[in-house]
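One letter stands for each residue in the lines below.
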Amino acid sequence: MSQQLFALAFGIGTQNLQGQWLEVYYPQPLLNPPAELVHAVISKINYQGGNQAISMDIGTVAGLAEAVQAAGFIEQAAVLECMTQSHKPLVVTLIAEDKELASTPEAYLKLHLLSHRLVKPHGLSLAGIFPLLPNVAWTSQGAVDLAELGERQLRARLRGELLEVFSVDKFPKMTDYVVPSGVRIADAARVRLGAYVGEGTTVMHEGFINFNAGTQGPGMIEGRISAGVFVGKGSDLGGGCSTMGTLSGGGNIIISVGEGCLIGANAGIGIPLGDRNTVESGLYITAGTKVALLDDKNTLVKVVKARDLAGQPDLLFRRNSQTGAVECKTNKSAIELNEALHAHN
C-alpha cells in the first residue's frame, strides 16, 4: 500500500549538548514526493505515520541510500551518500499533513519549502513555529546554544581562534541554506530563511525580506517586506519604505503588493495594493487613513478610508503639498521597470 506525504527531506543539523535540535539544513526538500520514493524510505526507517522527524545513524543512511538508488531516485540517493560522511546529527523528516508544527526539524523543512520556491507565502501552515525555533547564536562555527556560547568562545580563544557571532535570533539568513536562481542579494543577512525570493529579484543593501514573505519577481527591493507580505511581478519598493505585515500591526489583514507597483522612498502601506498602484515618497497609508478621491480635473469627489481602496488597480496615492491632505487619483502613468537595472546576467 502506497503512502502519500505532503513533504519529505533528508537533513543535516545541529543539536545542543542535551540533544535538542537547534537547526536543520535540507539540501533537496521535496513537496508531494513520489509514492515510490516514500515507500523506499519508510521501508528502512521506523515510521509510525503522521508528521515525524526521525534521527538517523550512518548505517540507516547507507541503507536508505541503497533503497532510494534501487527505486531510481538518483539525486536523493546522492544526497544520502554524501551524508554517510557526516559527523553532524542526521534526520529524515516526513510531513503527512500540512498542519500545526510539532518539531524543530519540521519547522525548518517548511521554511526550506518556502525559500526553495516550492510553496508561496501563505501556502503553508506555520502555526506554532516560534516556540519551535530556539533563539541561538549564529556564528562563524554555525548555530550555538546560547547557554553553551561562553564555553565555546573560550575554547576558540584557547586555540587562537575567534568565534564570531553574527546574530542572536530564531531565524538564520536564507543564503546559508538556500540560494535561489536568478536573484541579487546585496546583504545576505537581511533575507531570512523562509523568504520566497522570485526569479529576477534584486534586494539592495537596505532591503529586507522576512519569513513567509517575498516577491514574485522581477522587482527591486530597497525597503522592507514584512512577514506575510507578497510583492507581485514588476513592482519596486523604494529606499526605506515599509510594508505592514501580520507581525507588525497589520493584524489578520493580509497585506500584499500587486503587479507593476511602486512604493516610493520612505513610504509605507497598511493596506493591500492592487496592480499598477503608486504611493508617493514619504507617504504612509494605513487602513484608516482618510483619502480624498479626485477626478481627472483634480476636483474632490468624496473622502473615503484607505481600506475602501484596497486591491483596486491603477491608483496614485499622494499628499497635497499645500494642505497636507492624502489624495488619490487614477494612475495614468504606467510604471515601466528599467531593464538594465533589473538585469541579472
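Conventions adopted
- Residues numbered from 1 in each chain as written.
- Predicted model: local features only at pLDDT ≥ 70, side-chain atom pairs only at ≥ 80, totals over all residues.
- Heavy atoms only, no water.
- Helix = DSSP H or I, 4+ residues; strand = E, 2+ residues; numbered from the N terminus.
- Buried < 20%, exposed > 50% of the residue type's maximum accessible area, 1.4 Å probe, protein only.
- Contact = heavy atoms within 4.5 Å.
- Areas by Shrake-Rupley, 256 points an atom, 1.4 Å probe, with all protein chains shown as cover.
- Lys, Arg positive; Asp, Glu negative; His and termini not counted.
- Charge placed at Lys NZ, Arg CZ, Asp CG, Glu CD.
- Pairing = 2+ DSSP bridges.
- Axes fitted to C-alpha atoms, helices over the stretch in contact; angles between N-to-C directions.
- Domains from an automatic or database assignment.
- Buried area = accessible area lost by both parts, 1.4 Å probe.
- Salt bridge = Lys/Arg side-chain N within 4 Å of Asp/Glu carboxyl O.
- 1 Å grid on protein atoms, 1.4 Å probe; cavity = no way out; pocket = protein on both sides within 12 Å on 5 of 7 lines; lining within 4 Å.
- Points joined across faces, edges and corners; volume = space filled by probe spheres on them.
- Nonpolar A, V, L, I, M, F, W, Y, C, P; charged D, E, K, R; others polar.
- UniProt positions renumbered as here; feature names shortened; annotations may be inferred.
- Core = buried A, V, L, I, M, F, W, Y, C linked by side-chain atoms within 4.5 Å.
- Parallel < 35°, antiparallel > 145°, perpendicular 65-115°, else oblique.
- Left-handed = near helix turned anticlockwise from the far one by under 90°.
- Phe/Tyr/Trp six-rings, centres within 6.5 Å; stacked < 30°, edge-to-face > 60°.

**Quick look at the overall build of the protein chain**
- If you tally the helices and strands in the protein chain, you get 6 helices and 27 strands.
- In terms of its C-alpha atoms, the protein chain occupies a principal-axis envelope of roughly 75 × 55 × 40 Å.
- The buried share among the 345 residues of the protein chain stands at 48%.
- The contacts in the protein chain between residues at least 6 apart in sequence include a share of 49% that link residues at least 24 apart.
- Carbon together with sulfur atoms contributes 50% to the accessible area of the protein chain, which is approximately 16000 Å² in total.
- Of the charged side chains in the protein chain, 27 are positive and 32 negative, and the gap between their average positions amounts to 7 Å.

**Focus on the sheet that holds strand E11 (residues 201-203)**
- Read from one edge of the open sheet, 10 strands run E9-E11-E14-E17-E20-E22-E26-E27-E24-E25, paired in mixed fashion. The open sheet has two edge strands with one neighbour each: strand E9 (184-185) and strand E25 (300-305).

**A word on the sheet that holds strand E7 (residues 142-145)**
- In space, the 3 strands of this open sheet follow the order E7-E6-E8, with antiparallel pairing throughout. On the outer flanks of this sheet lie E7 and strand E8 (165-169), each paired with one strand and no other. Geometrically, the sheet is characterised by an average inter-axis angle of 30 degrees between neighbouring strands, direction not taken into account.

**What about the domain arrangement of the protein chain?**
- Here the protein chain is described as being made up of domain 1 (7-132), domain 2 (137-169) and domain 3 (174-343).
- Inter-centroid distance (C-alpha atoms) of domain 1 to domain 2 is 27 Å.
- Across the boundary between the two partners, domain 1 contributes 7 residues, which contact 5 residues of domain 2.
- Summing both partners gives a buried area of about 430 Å² for domain 1 against domain 2, and 58% of it is carried by carbon and sulfur.
- The largest contributions to the domain 1 side of the interface with domain 2 come from Asn16, Leu17 and Leu22, which together make up 61% of the buried area.
- Run the count over domain 1 and domain 2 and you get 0 salt bridges.

**Side note on the environment of glutamine 153**
- Mapped onto the elements, glutamine 153 comes out in helix H6 (residues 146-158).
- A relative accessible area of 31% means that glutamine 153 is categorised as partly exposed.
- The sequence separation of glutamine 153 and valine 165 amounts to 12 residues, and the corresponding C-alpha distance is 9.5 Å.
- Sequence-distant contacts of glutamine 153, that is, excluding residues within four places in its chain, are made with Leu163 and Val165.

**Overview of the layout of surface pockets**
- Estimated volume of the largest pocket: approximately 380 Å³.
- The greatest single-element share of the lining of the largest pocket, amounting to 3 residues, is contributed by E8.
- Of the residues belonging to the lining of the largest pocket, the class tally is 9 nonpolar, 4 polar and 5 charged.

**Some points on the UniProt feature "binding site: succinyl-CoA" (unreviewed entry) in the protein chain**
- As recorded in UniProt, the feature "binding site: succinyl-CoA" (unreviewed entry) lies at Arg224, Gly239, Ser242, Ala265, Glu280, Ser281, Gly288, Lys305, Arg318, Arg319, Asn320 and Ser321. These annotated residues cover 98 residues of sequence, and their C-alpha atoms reach 26.0 Å apart at the extreme, placing them across more than a single site.
- Excluding residues within four positions of it along the chain, glutamate 280 makes contact with Ala267, Phe317, Arg318 and Arg319.
- The residue asparagine 320 is located in the loop between strand E26 (315-319) and strand E27 (326-330) in this model.

**Some points on the nonpolar core**
- Core analysis: the biggest nonpolar cluster contains 66 residues, and Ile263, Leu273, Val279 and Phe317 have the highest contact counts within it.
- When residues of this core are assigned to their parent elements, the largest contribution, 6 residues, is made by helix H4 (residues 104-115).
- Residue assignment places this core across two domains, with domain 1 (7-132) and domain 3 (174-343) each supplying three or more.
- Ignoring sequence-local partners within four residues, the contact set of phenylalanine 317 consists of Ile271, Leu273, Asn277, Thr278, Val279, Glu280, Leu283, Ile285, Leu309, Glu327 and Cys328.
- Membership of the second largest hydrophobic core comes to 22 residues, among which are Leu5, Tyr47, Leu64 and Leu90.

**What about the packing of helix H1 (residues 35-42) against helix H2 (residues 58-70)?**
- In contact at an axis separation of 9 Å, H1 and H2 are set at 150 degrees when each is read in the N-to-C sense. As the angle between them shows, H1 and H2 are arranged roughly antiparallel. Where H1 crosses over H2, the handedness of that crossing is right-handed. Residues Leu37, Ala40 and Val41 of H1 form the contact with H2, whose own contacting residues are Leu64, Ala67 and Val68.

**Description of the packing of aromatic side chains**
- Summed over the entire model, instances satisfying the criterion amount to 6 aromatic pairs.
- Taking the centre distance of 4.5 Å and the plane angle of 25 degrees together, the rings of phenylalanine 171 and phenylalanine 211 count as stacked. Of this pair, phenylalanine 171 sits in the loop between E8 and E9 while phenylalanine 211 sits in the loop between strand E12 (208-209) and strand E13 (213-215), placing them 40 residues apart in sequence.
- Owing to a relative accessible area of 5%, phenylalanine 211 belongs among the buried residues under this scheme.
- With a centroid separation of 5.7 Å and 75 degrees between ring planes, the pair formed by tyrosine 196 and phenylalanine 230 is classed as edge-to-face. On the criterion of sequence distance, the pair formed by tyrosine 196 in strand E10 (residues 195-197) and phenylalanine 230 in strand E16 (residues 230-231) is long-range, its members being 34 residues apart. Pair check on accessibility: tyrosine 196 and phenylalanine 230 agree, each one buried.
- Ring pairs connect the aromatic residues Tyr25, Tyr108 and Tyr177, which therefore count as one cluster.

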